[in-house]
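Descriptive analysis of the structure
Chain by chain, the residues run as shown.
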Amino acid sequence: MDHDILALLGDVRSVAARPAFSIGEADHSGLTAYRALRHEAFVARQGLFAGHDLDDHDTDPRTLVLVARDASGEVRGGVRLGPATDGPDVGWWKGGRLVVAPGSPPGIGSALVRAACARAEAEGALRFEATVQPRTERLFTRLGWQRVRPVTVAGHDHVLMRRPIGRIAALARATKAALGPLLRGLTGVPGFVGDDGVPLPGTDVVAACDAIIPSMVERDPEWAGWCSVLVNLNDLAAMGATPTGLLDALGARDASFAARVLSGLRKASEAYGVPVLGGHTQFGVPASLSVTALGRTTDPVPGGGGQPGERVWLTADLGGGWRPGYTGRQWDSTSFRRTPELRELLGSVAKARPAAAKDVSMAGIAGTLGMLAEASGCGAVLDVGKVPRPRGASTGDWLTCFPGFAMLTTGTPAPAGPAVTADCGELVAGTGVTLRWPDGETTPAIDGGVTGLGNS
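This text gives an overview of the structure that appears in the document. Nothing here was measured: the structure is a model prediction, and the numbers come from that model. (Residues numbered from 1 in each chain as written. Predicted model: local features only at pLDDT ≥ 70, side-chain atom pairs only at ≥ 80, totals over all residues. Heavy atoms only, no water.)

**Brief notes about the nonpolar core**
Threshold: The term nonpolar core refers to a set of buried residues drawn from Ala, Val, Leu, Ile, Met, Phe, Trp, Tyr and Cys, joined through side-chain atoms within 4.5 Å. A 1.4 Å probe rolled over the protein chains alone gives each residue an accessible area, and that area as a share of the maximum for its type sets the label: buried under 20%, exposed over 50%, partly exposed in between. Put simply, DSSP marks the helices as runs of H or I at least four residues long and the strands as runs of E at least two long, and each gets a number from the N terminus on. Two residues form a contact once any of their heavy atoms are found within 4.5 Å.
In this structure, Phe128, Trp145, Leu314 and Leu382 are the most contacted members of the largest nonpolar core, which totals 64 residues. Tallying contributions element by element places helix H5 (residues 108-122) first for this core, with seven residues. Residue contacts for Phe128: discarding those within four places in its chain leaves Leu81, Trp93, Lys94, Gly95, Ala116, Cys117, Ala120, Trp145, Met161, Arg162, Arg163 and Ile165. Formed by 48 residues, the second largest nonpolar core is a distinct cluster that contains Trp226, Ala237, Ala268 and Tyr326.

Structure below.
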């Protein structure tokens, strides 16, 4: 019908430019046609399997099938993908059974591989692999895949290929990579370079300052007000400091908008039991919000106090869920907590006194671990399958989101009542962050330092 309308309108160019095929998730008929293509190719024509090529992945409800249909709607190819192992999805996915019907329009195979990669990443995969026949290795290489090693499938030679997924590294670059060149020589106290807060020399006072993204203030002013307290108090908590007060600086277009921001800030102040001591408010300007938090400790915990060989612990509050409008980016585990619970979370590092501690920031769990390792002058390995994770979050989202409360420590865990604590990695010689998977394989997450600020 679309073609007919375009032709009637005389839009010859649009008709000619329409793709020869489209790719989408298979419905029942598409799945039937895809399996028929597989049987014809892998059983009847190539003889790779005897009888049929079905396996456990075909009956796994988590498995997805993408098919390519030509202009008439006929299925001309397909590919399946899904979690590689039974049990919880840890972010390791596999693709397979890529098939294209003989005589199909060119480009279907490449398009199916690209679509599978995009879908796997959208589902939270941080490791994506496929076993391919040697004759198709060149296709996968051309599409950016990397050869891992030769393997055998059904008694025939294949090649294990892996698609690099740079989600963690991209987030670290976007949020932290510019800091080193910008801040070198400008900020920091010896032993606390790049920390969440800073000890005031000659005192027992620790200060932390964070600004909220202006677009977030504009879009969700009450939540921005709450988060301005949350992020700063978490920064103090990472240094083992007891919070004593807050100062805010607010820009707003008018008093009505300012009241919405301050409503969220006030609620958080009351929930955490930390007073707002003063600040500054300006009207007639674009939305902006920053808060400074003050705390006290005689022995602040550094973010760069770790050493190779020390275990890495994550204490994370898995309660709550994604903040509406921020799915995959911000996990809200705090807005429903009562004061005793919030204060217990804030006191976890002060009670445990670990060698090093970092509050998980906008760089996510993996990126924040990279900052802790960088400040400690070493690298880190993160055991993906051991990271505590809420059921409502994929691995990719959880390792790259901003959680309500999550603290990384080395040497000693820092448990807190409503949170879950787990041993999920180690500091190692070298630089960067490596992901270690349940089968023992490792994949790079971040090469080198995260911030460029160097060692503490």
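**Side note on the sheet that holds strand S5 (residues 127-132)**
Rules: For two strands to be treated as a pair, DSSP must find at least two bridges joining them. Helix axes are fitted to C-alpha atoms over the stretch in contact, other axes to C-alpha atoms as well, and angles between N-to-C directions run from 0 to 180 degrees.
Strands sit in the order S1-S2-S3-S4-S5-S7-S6 across an open sheet of seven strands; the sheet is mixed. Lying at the two open borders of the sheet, with one neighbouring strand each, are strand S1 (21-25) and strand S6 (146-153). If you compare each strand with its neighbour and ignore which way they point, the axes differ by 25° on average.

**Some thoughts on unusual backbone geometry**
Unlike most non-glycine residues, Arg97 shows phi in positive territory, near 50°. With respect to the helices, strands and loops of the structure, Arg97 is situated in strand S4 (residues 92-100). Taking the relative accessible area as the measure of exposure, Arg97 reaches 16% and is therefore buried. Of note in the backbone geometry, Ala154 takes a positive phi value of approximately 55° without being a glycine.

**Regarding helix H3 (residues 28-45)**
Defined as follows: Helices are assigned an expected span. That span is 1.5 Å times one less than the residue count. Two axes enter the bend calculation: one fitted to the seven residues ending at the residue in question, the other to the seven starting there, and the bend is the angle between them.
In this model H3 runs 24 Å from its N-terminal to its C-terminal C-alpha over 18 residues, within 8% of the 26 Å that 1.5 Å per residue would give. Taken as a whole, H3 carries its principal kink of about 25° at His39. Every buried residue belonging to H3 is among Gly30, Tyr34, Leu37, Arg38, Ala41, Phe42 and Val43, and all of these are buried. Where H3 is buried, its residues touch helix H4 (56-59), strand S2 (64-70), strand S3 (75-83) and S4. With its phi angle positive at about 70°, Gly47 sits one or two positions after the end of H3.

**Details of the side chain of Asp317**
Stated precisely, the cut-off is as follows: Whenever two N or O atoms come within 3.5 Å, that pair is a polar contact, provided that in protein one can donate a hydrogen and the other can accept it, and provided that, for residues adjacent in sequence, both atoms are side-chain atoms.
As for its placement among the helices and strands, Asp317 is situated in the loop between strand S13 (311-316) and strand S14 (321-322). Of the polar contacts made by the side chain of Asp317, one reaches the backbone nitrogen of Gly319; its length is 3.1 Å. Reaching out from Asp317, the side chain makes a polar contact with the side chain of Arg337 at a distance of 2.8 Å.

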